Amino acid sequence: KECDWSSDVCSSDLRVGANIVDDILNNNNNTFNGTDSTSYIEVNGGRISENAIWSKDKGIGIYKIRGDITVYGSTDNLVTLTIKEGVEVRFYQNKFLYIGSGSIPGILDARGTADNSILFTSNQDTHTPGYWGGIYFYPNAATEPISVLDYVIVEYGGYAYRSEEHTSELQSHS
């Protein structure tokens, strides 16, 4: 469903570009609110070029990724995508989350909790292994600070985790 931007209120599910998700959720002038735990935002894909936070605030807990997303700023502007506890990121077929791009670094900060993990998964009703692309950390993904995946579940992707250098920290908790 698309939001009717002619009114200042949006109470249905929403489809937007990756670069404006944070502004919609965290700008106090917007009144978009999810209706329940199944409310979602469809993200068309694109570049996240400014720090962004995806959370369950405003009743949105599911982010459906329709196109590849790349997180990076510029050589003098390090960009972080922060994903908060309890968020589900569901990918359409063959779609990726890229951290960094070419020689420009980026950061993924995904920190769930023992009781409220983060889930990266397929957007299918019946999941198929390898359905979505995966999370790809470019070799130059930021070395300080580093990307962190803590209390995160990654399932049904083609590449669950890939990094050509050790620039990201994976923590496992049981």
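Whatever comes next refers back to the structure up there.
Residues numbered from 1 in each chain as written. Predicted model: local features only at pLDDT ≥ 70, side-chain atom pairs only at ≥ 80, totals over all residues. Heavy atoms only, no water.

Caption draft 1: Structural view of the overall build of the chain. The secondary structure content of the chain amounts to 1 helix and 16 strands. Considering the chain as a whole, with its 174 residues, one finds that 45% of them fall into the buried category. When contacts within the chain are restricted to residue pairs at least 6 apart in sequence, long-range pairs at least 24 apart make up 71% of them. (Helix = DSSP H or I, 4+ residues; strand = E, 2+ residues; numbered from the N terminus. Buried < 20%, exposed > 50% of the residue type's maximum accessible area, 1.4 Å probe, protein only. Contact = heavy atoms within 4.5 Å.)

Caption draft 2: The environment of Val71, seen in detail. Among the structural elements, Val71 can be located in strand β6 (residues 69–71). With a relative accessible area of 0%, Val71 lands in the buried category. Distance from Val71 to Arg47, taken between C-alpha atoms, is 5.9 Å for residues 24 residues apart in sequence.

Caption draft 3: Expanded view of the nonpolar core. Grouped together as the largest cluster of nonpolar side chains are 27 residues, with contacts concentrated most on Trp54, Leu81, Ile83, Leu97, Leu108, Phe120 and Ile135. Beyond its immediate sequence surroundings of up to four residues, Leu97 is in contact with Ile69, Val71, Leu81, Phe91, Leu108, Phe120, Gly134, Ile135 and Tyr136. (Core = buried A, V, L, I, M, F, W, Y, C linked by side-chain atoms within 4.5 Å.)

Caption draft 4: Structural context of the pairing of strand β9 (residues 96–99). Side chains Phe96 and Tyr98 of β9 all project onto a buried face; the interleaved residues Leu97 and Ile99 project onto the opposite face, where all are buried too. Looking at chain direction, β6 and β9 are connected through 3 bridges and run parallel. Along β9, the bridge assignment pairs Ile69 with Leu97. Judged from the 4 bridges that link them, β9 and strand β12 (residues 132–137) form a sheet pairing that is parallel. Within β12, the position partnered with Tyr98 by the bridge is Tyr136. (Pairing = 2+ DSSP bridges.)

Caption draft 5: Main features of the packing of aromatic side chains. Inspection of the entire model under this criterion finds 7 aromatic pairs. Ring geometry for Phe91 and Trp132: centres 4.1 Å apart, planes at 5 degrees, overall stacked. Of this pair, Phe91 sits in strand β8 (residues 88–91) while Trp132 sits in strand β12; the two residues are 41 residues apart in sequence, bridging distant segments of the chain. Between the NZ or CZ atom of Arg47 and the centre of the ring of Tyr72, over which it lies, the distance is 4.0 Å. The residue whose ring lies beneath Arg66 is Tyr92, and the NZ or CZ to ring-centre distance is 4.8 Å. (Phe/Tyr/Trp six-rings, centres within 6.5 Å; stacked < 30°, edge-to-face > 60°. Lys NZ or Arg CZ within 6 Å of the ring centre and 35° of its normal.)

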